[in-house]
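A look at the structure
Each chain, letter by letter, is given below.
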Amino acid sequence: MEEILYGVAYYYEYLPYDRLKEDIEMMKKAGINVVRIAESTWSTYEKSPGEFDFSSVDLVIDEMEKAGIKVIIGTPTYAVPSWLVDMDAEVMVTRKGSGRAIYGQRQIMDITNKTYLYHSERVIRKLIERTANRANVIGFQLDNETKAYGTSGKNVQIAFVEHLKRLFDGDLDKLNAAYGLDYWSNRIDSWENFPDVNGTINGSLGAAFEEYQRLLVDEFLQWQADIVNEYRREDQFLTQNFDFEWRGYSYGVQPEVNHYKASQAITIAGCDIYHPTQDLLTGKEIAFCGDSTRSLKKDNYLVLETEAQGFPQWTPFRTQLLLQAYSHLASGANMVMYWHWHSIHNACESYWRGLLSHDFKENATYREAVTIGSEWKDLSPKLVNLKKHNKVALVVSNEALTALKWFPVDLNAAFQSSISYNDIVLAYYTQLYNLNIECDIVTPDMVGWTDYEILVVPALYSASDETYRELAAFVEKGGNLLSTFKTAVANEHLKISYEGTPKGLQETFGMQYNQFAIPSKTRLTSEFFSFEKDAEVQGFMEMLEPDEATVLASYDHAPGDRDVAITANEYGKGKAVYVGCMMDDQSFSQVIRKIFEELFAYQMSEYAFPIIVKKGTNQFGNELTYLFNYSEKELAVASPTEGMSLREKRNIAKNESLIIKPWDLVILENEQQ
Amino acid sequence: MEEILYGVAYYYEYLPYDRLKEDIEMMKKAGINVVRIAESTWSTYEKSPGEFDFSSVDLVIDEMEKAGIKVIIGTPTYAVPSWLVDMDAEVMVTRKGSGRAIYGQRQIMDITNKTYLYHSERVIRKLIERTANRANVIGFQLDNETKAYGTSGKNVQIAFVEHLKRLFDGDLDKLNAAYGLDYWSNRIDSWENFPDVNGTINGSLGAAFEEYQRLLVDEFLQWQADIVNEYRREDQFLTQNFDFEWRGYSYGVQPEVNHYKASQAITIAGCDIYHPTQDLLTGKEIAFCGDSTRSLKKDNYLVLETEAQGFPQWTPFRTQLLLQAYSHLASGANMVMYWHWHSIHNACESYWRGLLSHDFKENATYREAVTIGSEWKDLSPKLVNLKKHNKVALVVSNEALTALKWFPVDLNAAFQSSISYNDIVLAYYTQLYNLNIECDIVTPDMVGWTDYEILVVPALYSASDETYRELAAFVEKGGNLLSTFKTAVANEHLKISYEGTPKGLQETFGMQYNQFAIPSKTRLTSEFFSFEKDAEVQGFMEMLEPDEATVLASYDHAPGDRDVAITANEYGKGKAVYVGCMMDDQSFSQVIRKIFEELFAYQMSEYAFPIIVKKGTNQFGNELTYLFNYSEKELAVASPTEGMSLREKRNIAKNESLIIKPWDLVILENEQQ
Amino acid sequence: MEEILYGVAYYYEYLPYDRLKEDIEMMKKAGINVVRIAESTWSTYEKSPGEFDFSSVDLVIDEMEKAGIKVIIGTPTYAVPSWLVDMDAEVMVTRKGSGRAIYGQRQIMDITNKTYLYHSERVIRKLIERTANRANVIGFQLDNETKAYGTSGKNVQIAFVEHLKRLFDGDLDKLNAAYGLDYWSNRIDSWENFPDVNGTINGSLGAAFEEYQRLLVDEFLQWQADIVNEYRREDQFLTQNFDFEWRGYSYGVQPEVNHYKASQAITIAGCDIYHPTQDLLTGKEIAFCGDSTRSLKKDNYLVLETEAQGFPQWTPFRTQLLLQAYSHLASGANMVMYWHWHSIHNACESYWRGLLSHDFKENATYREAVTIGSEWKDLSPKLVNLKKHNKVALVVSNEALTALKWFPVDLNAAFQSSISYNDIVLAYYTQLYNLNIECDIVTPDMVGWTDYEILVVPALYSASDETYRELAAFVEKGGNLLSTFKTAVANEHLKISYEGTPKGLQETFGMQYNQFAIPSKTRLTSEFFSFEKDAEVQGFMEMLEPDEATVLASYDHAPGDRDVAITANEYGKGKAVYVGCMMDDQSFSQVIRKIFEELFAYQMSEYAFPIIVKKGTNQFGNELTYLFNYSEKELAVASPTEGMSLREKRNIAKNESLIIKPWDLVILENEQQ
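Definitions and limits used
- For every chain, the first residue of the written sequence is number 1, and numbering continues from 1 along that sequence.
- Each chain is given a letter, starting from A, and each ligand a number, starting from 1, according to the order in which they appear as written.
- Owing to the predicted nature of the model, reporting of local features is limited to residues with pLDDT of at least 70; listing and counting of side-chain atom pairs is limited to 80 or more, with chain, interface and lining totals taken over all residues.
- Neighbour counting defines burial: a residue surrounded by 20 or more other C-beta atoms within 10 Å of its own C-beta is buried, one with 12 or fewer is exposed, and intermediate counts give partly exposed, using backbone-placed C-beta atoms.
- Secondary structure elements are defined from DSSP: runs of H or I of at least 4 residues count as helices, runs of E of at least 2 residues count as strands, and each element is numbered from the N terminus.
- Here the rule is simple: two strands pair whenever DSSP picks up at least two bridges between them.
- With C-beta atoms placed from the backbone, a contact is any residue pair whose C-beta atoms sit within 7 Å.
- The predictor attaches a confidence to each residue, called pLDDT, with possible values from 0 through 100.
- UniProt positions are given in the numbering used here, feature names are shortened, and annotations may be inferred rather than shown by experiment.
- Only residues with pLDDT of at least 70 in both copies count here: their C-alpha atoms drive the least-squares fit that superposes the copies.
- Fitted lines through C-alpha atoms serve as axes, helices being fitted only where they are in contact, and the angles separating the N-to-C directions of these axes extend from 0 to 180 degrees.
- Left-handed is the label given to a crossing in which the near helix is rotated counterclockwise from the far helix by less than a right angle, and right-handed is the label when the rotation is clockwise.

It is worth spelling out the pairing of strand 15 (residues 439-442) of chain C at this point. Residues and elements named next belong to chain C. Because side chains alternate across strand 15, one face comprises the buried residues Cys439 and Ile441, and the other comprises Asp440 and Val442, equally buried. Here strand 14 (residues 392-395) runs beside strand 15; their pairing, made up of four bridges, is parallel. The residue bridging Ala393 from the neighbouring strand is Asp440, located in strand 15.

Let us now look at the interface of chain A and chain B. Listed by partner, the interface residues are 48 residues for chain A and 45 residues for chain B. Those elements that provide at least two residues to the side of chain A that touches chain B are helix 2 (42-45), strand 3 (46-48) and helix 4 (82-87) of chain A.

On to the confidence of the model for chain A. The pLDDT averaged across chain A works out to 97; a share of 100% of its residues lies at or above 70. Taken together, the chains of this predicted complex give a pTM of 0.97 and an interface ipTM of 0.96.

Turning to the UniProt feature "domain: Glycoside hydrolase family 42 N-terminal" (unreviewed entry) in chain A, a few remarks are in order. UniProt feature "domain: Glycoside hydrolase family 42 N-terminal" (unreviewed entry): in the numbering of this structure it lies at residues 10-378 of chain A. Across residues 10-378 of chain A one finds 39% helix and 12% strand; the C-alpha atoms that close the span lie 25 Å apart.

Of note, the bond from Trp339 of chain B into His340 of chain B is cis; its omega dihedral lies within 30 degrees of zero at 15 degrees. With respect to the helices and strands, His340 of chain B occurs in the loop between strand 13 (333-339) and helix 12 (364-383). Cis geometry marks the peptide bond from Phe609 of chain C to Pro610 of chain C, where omega comes out at 15 degrees. For Pro610 of chain C, the position within the fold is in the loop between helix 17 (585-599) and strand 27 (611-617).

This part covers the relation of the copies chain B and chain C. Superposing chain B onto chain C takes a rotation of 120 degrees combined with a translation of 0.0 Å along the rotation axis, leaving an RMSD of 0.0 Å. Taken together, the rotation and translation relating the two chain copies correspond to the operation of a three-fold axis. Of the C-alpha atoms belonging to chain B, the one lying closest to the rotation axis is found on Ser98 of chain B, 6.2 Å away.

Attention now moves to the packing of helix 5 (residues 114-131) of chain B against helix 8 (residues 203-229) of chain B. Residue and element names in this part refer to chain B. Close contact between helix 5 and helix 8 brings their axes to 10 Å; oriented N to C, the two are set at 35 degrees. Crossing geometry of helix 5 relative to helix 8 is assigned as right-handed. Contact with helix 5, carried on its side by Glu121, Ile124, Arg125 and Ile128, involves Gln224, Ile227 and Val228 of helix 8 and no other residues of that element.

What follows is the structure, encoded as structure tokens:
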């Protein structure tokens, strides 16, 4: 990337009146240098089947070109025209529990439906053909936050059965054995009469179907990529805005897409990041989603959507928009693009507000964007293409996520549970983030996923034997492994290990266990961690049985004969630590700090949240150090390095006291000697 | 009305044995002078299609006539016989999300279904023809709590599309533009292939359909009225028991019926009022529903249903039944009718108990009714036809209610919200009620809706430009306007203003705003209001930008560049106050009191809840003052007027100390000099 | 029974590899002397229609026989092969609200479907024919936790209408009158056009249908029994594992089965008992379910399923498994069988863990089973066939349970309620249990159900007049009756009494009432009970009107003219106490203790929870006294009797101080002189 891209999604088609020129003028003032267009409005471009009208696209590209603003074109396939559904009712997705969807919402089509694919291909070709030759079109986004949307109609299930046939070499006995289908008389002894998978209570079969649905996403994106690639110039990129689990904001691993596999279709990784703000702004979601997306291609990435004003809860306090924008860059983003330019006046996302409110006037948020744009114009060469060299990786897995949905950690006999996979992943990520331990976020699918000094592996419930072997080898060769309860329980078919747990890693961890419980009035006792106050065990606990391992902490009140909670083991040249339970936040922080500092000899930052430190090397080979203040109080810190304070444009000595205003930051560039 | 009507709904057909004469004897003892009959039992009158048997109706009218008890006849169309559904399955309503209803419940038919209408008309004609000529039949109730019940089957949607064609002159471009249907590819470019409105995510289209459903109610009632009018005598009235939003009791504006429009079909307004009692009795629901219903025809009204014993939670404490009965009269009711006479022994409303328990014996509640009946026999001429002359009106709107359902005030990205339109309306009504500011409740549909000194307009989110102009004119001519956040945001199609907010009223309020947020640790600061304690901002806040307006209060912790919360403006000869947020109850009370007293120069009552004061002029031209004690403690008050204490039958001097017992009242008649 | 059976459910078919011999070896070590097999795996025995393979059954029986382990055979009909559903889609149950079920889950077939019954019969015959002649097969279990699963498809409803025809002699007027169908126009005037019962709002009709569904269970089990009886040897028993309402553990009366009626098909009663453990272990569920099941045949019973490790919440603390096992015996169980031997590696109950964890290794829970097995081998003759002679019976009723589902105790107008029938039943049972008042649990269906000194009858909302007469006669003849609010309200058709309440028992209780309410700030006042602290009335209260009865307690804050809460009456030779409300636990305990001790002259135990005492006579005619410590603290008690401490093998003098360890017990055998 030549410069930091600062952008907005722009919907000329949604405007209540034509104000393209006024918009562009305001964009210029705010330093906006790129817009994303066209991904939402198929029915406007093709009002009736085969009658295309791209005049609004042409017009916007023309005017942006004149203004020197770049354009990203989105293929308009995530929301279909009503005439398409009128043509073939099966365009709408059929889902477990709710049957065939009704037209209206977006992202509820069957992405395998032939009618949908036929008409999608046609409109994509028309649009890309028309725009690929435009000078200021710098890249393409395929569809939008693509998923399989739970598609599970007859056609999809037939294809899934074919998929299983391939997986099990056409051998039903293998399938019955792998999935344990004798249970509750669920055996399948005829490929032809394969029961409706939507009714299954077999977690292995159910998870296999969800994995198949993720596969459909990979295929769909590759299919779109192949079409666009016929037209795309070498210098134009291909991207996709991956999003994350949604809890009203971006929350951990996306269950319905394997980002890594899906990203094979594109040339640069991109994502959507939405996060709490105001008094709840921590930067954690920006960092997690950024670390995830950067790790997909181990390179800089695009933030294709993030909030400007967003929902009322998200209206940023003064300087928060600026803090957020730099936070993206500090994680390795090369673009920050708001969703969206102007707030929409109708439909259902009207209060997911853009940079401009409904009145199109300058407002406090827009004025802050002007500041950001102005700073970036100046600092872009220093900031762009920041590279990371993290020694730590957090290992996550779609398969484990799905597995723990079918087999929840703390399931009870009323079939309720409260702890999800992402809760555990984010609990660990939060500790790393708060302690300023920067990390990549990898999956066992990735080449080189163990090429780190330290791997943090929370709740990797299921994986292939190969994966477990790679983890063992990682430690043996000198790696430091920190893992948790519910790791290495089952194989890739979700069959729970009958050879003990942690499966394949008992020697590595120097311990095993076969009992676990829900803590009740249980506390951790430990000489090693010397907890400052009562360390409360929460949610779930395994009773570890150390063989070679050292006991780091024990339970004071637990069932079973043994009561070990945390162990450490030397294995080969490395160390393997296993944390068998969840605990209160403060104790958890002590545990992570102590393990990293003392056992893994990791060079800890002297700062902790709300001071967040992020580092990298810029394109001049200089180390950049970002120091963020994620609080409403002014804070003073001793500079961790000498260097140029880029925003203040003054030299700072190492250990010089830096004042960081509320919700603000300092950037230091340390020139290579 | 010649006298206060004291009545019960009476279901002879539900009795486990014939006790008509015993019932009438007990009614006479309790002063019951009217019964409502016949609205629930179609299947009893027409056991098979076309075979009518109204012998029970005849019998009840005969016996009531002998006893001097009046009768109101209800048309029996709200619950259909099973044979009707057997004849045409489409009689049952088809609703969004749940498909075609199953027979069993009442009020789940399609009120536009031809079979239903044909058989309804026949049974109505038979019943009214037979009863209209009876001397003691004083009026008719059309159907019962009529709504469209969410009807949205194919037939209804086809009719809705025709309705839209008329609304937009057959021009789809107009419709697409008005509703913003380009969004998410939702354009409609063919009237023939109009998509299923039940799937829409477009708030404008969705709200238009709900308004259409309300229109069906108006048409249905007018259709029934036209039938009954063929038989009705001049002296017989036509009414309908309007009900309100239901949260286990009557709660604010009815979303599914525009009471004002629907009341065009009838000659006297009527309603159902159910409310908390026991320690939770405040009289507020009685007052709100009464003020609403009285304002429909600006005249006295009928309480067609209210609780006697009701659910266990509602069993009244000693004297509460009496307090409630008088509270209705003090709001302008000319009838108080209990639902119902005897508790039902089967089915599903058995514990919605009547005046009599299941054993038909005298009980404490019945004995209190005897007291009420006895007092009213005596006082009826003084109490009946009480007229109000309120200077204040609360402005409410079905359209705004529906709009804020589609665009909730505090919606977040998890698509949750907690503040509804009625919450805001009732928050304002509660303040007025507690401060003894009596008001009418009007809608912009009504002729003369701005003919008041003060208008309170909470959250009038959407309306026509005409309505906004009328509000501006009201202030210009000298009116006092108190309005709130989320007022004048959108036009009648729910398109949010792109010319700023408050739409069309920026000059009137002397301010505008374009940012808003959810408060977090935010407090109001104000010299004007001098809050007694921290004034906590709650739920939602707009950041106002005053032009000409005076700042009355500001936020201490808010996003944006500006932080103004409450403004007042002089505009023309009037004043316009805008409250940009919600706040804690105590501060809210201070705000309302101060605005009314100091800015609007309103003559405040010296009493406040739990002393409730209601006034009016009786048919002798004398002013009646009701003083209610809504508490379990005996209270002493200085009499606000001289006059005759009607229940005690003694003269009271102004400022004389009046003792009001727990849950009791005093009525003063001040003879015109 | 010749010995205490100690068993496990064993699923050879679910094993991930063949380890039958290792399993048997481990069973032998743990003293396991019986296994239940075959009830879950129809699709394994009949992979395609008509092709049977029982080799795994044969093998397991063979090997068990060699090892001297007994076998119980379950008929494999609770979970159907997918080919059966493929053959006839109507095998799947059609249920209210959710339509036809999808294949996958167990226990969701229509138990009246012809295809299901045809193929069930064939597989049952094949299995039983093959196993009935085996020496070590000691009995058969019919199906598994059988219910009607809400079956209400067309066929079932047609049969139900035939059932109603018989019930009402084909007279629809009788039915309309009995059920009060005139209400809301719900009359039925044609048997042919009987409306879909799934839509009904008529509680009488709805409850009649639920009773019919329970009848289908009786018929289904009798049908299976008849088949098995063609093959069964005299010495082989027939059982069924009845289960209870499920709230994540066994909770009170099973709504969907009348255990007593269903148990007519079998020769020995059996049940499933699951309960909270760890810090929440009280033994109450073991006692309740045990007392219920023992009372079915007034004889010893089988615990066919109870938890070993179960869900993580259930992992037992040290000695809890032992405490639980003896608790079953002390209630009269002759078998304790764990569900199940080994934890399952796939599907959906993997974390409902067995005695063995997934690794099949010895674990703490297994090791405790070894202790139990060893003790029982020694003590079996002393412990087996323990007989009870309780003077107290708790009267429960499926009909009352269903009635209070349709007419909830504290229903409000938002149609919410929080108190269920089982809540009330268990509140009373808990008091008895905690005070060591042992009881039988009977229903009015049972012969001799009033043959006790004391009957406790909570919330018997509906019953036949005959039942109410039997209760009156019981008191008249000298019995002591303790009954509660919501007893004797309605007849067997759920028609509420129009002749006053308690229906038919007003003279017996010497009081009546016709008003009730939800308490709000209400307290009990009483000289008789002299409450230690404020006695808070909770949930519901009736205002009793005593005629002859003595007032035991009153309300301090209640609607109505009267405020009596608890009454006692002498009637004939007996006493009848009526408790009109719920209250806080401590006051409740005082009330029960005082009523039993002073009014009913019951010989109270000197111990109370957490010391639980259970008694009975063993087969040597000696009295056994079990003393359980249900707490984590060591407790000392004075021995209530002299005798041999069986586990310690030493003589104890009366009043000698016994130390009982945490979660432990002492058993005393007092030899008959």
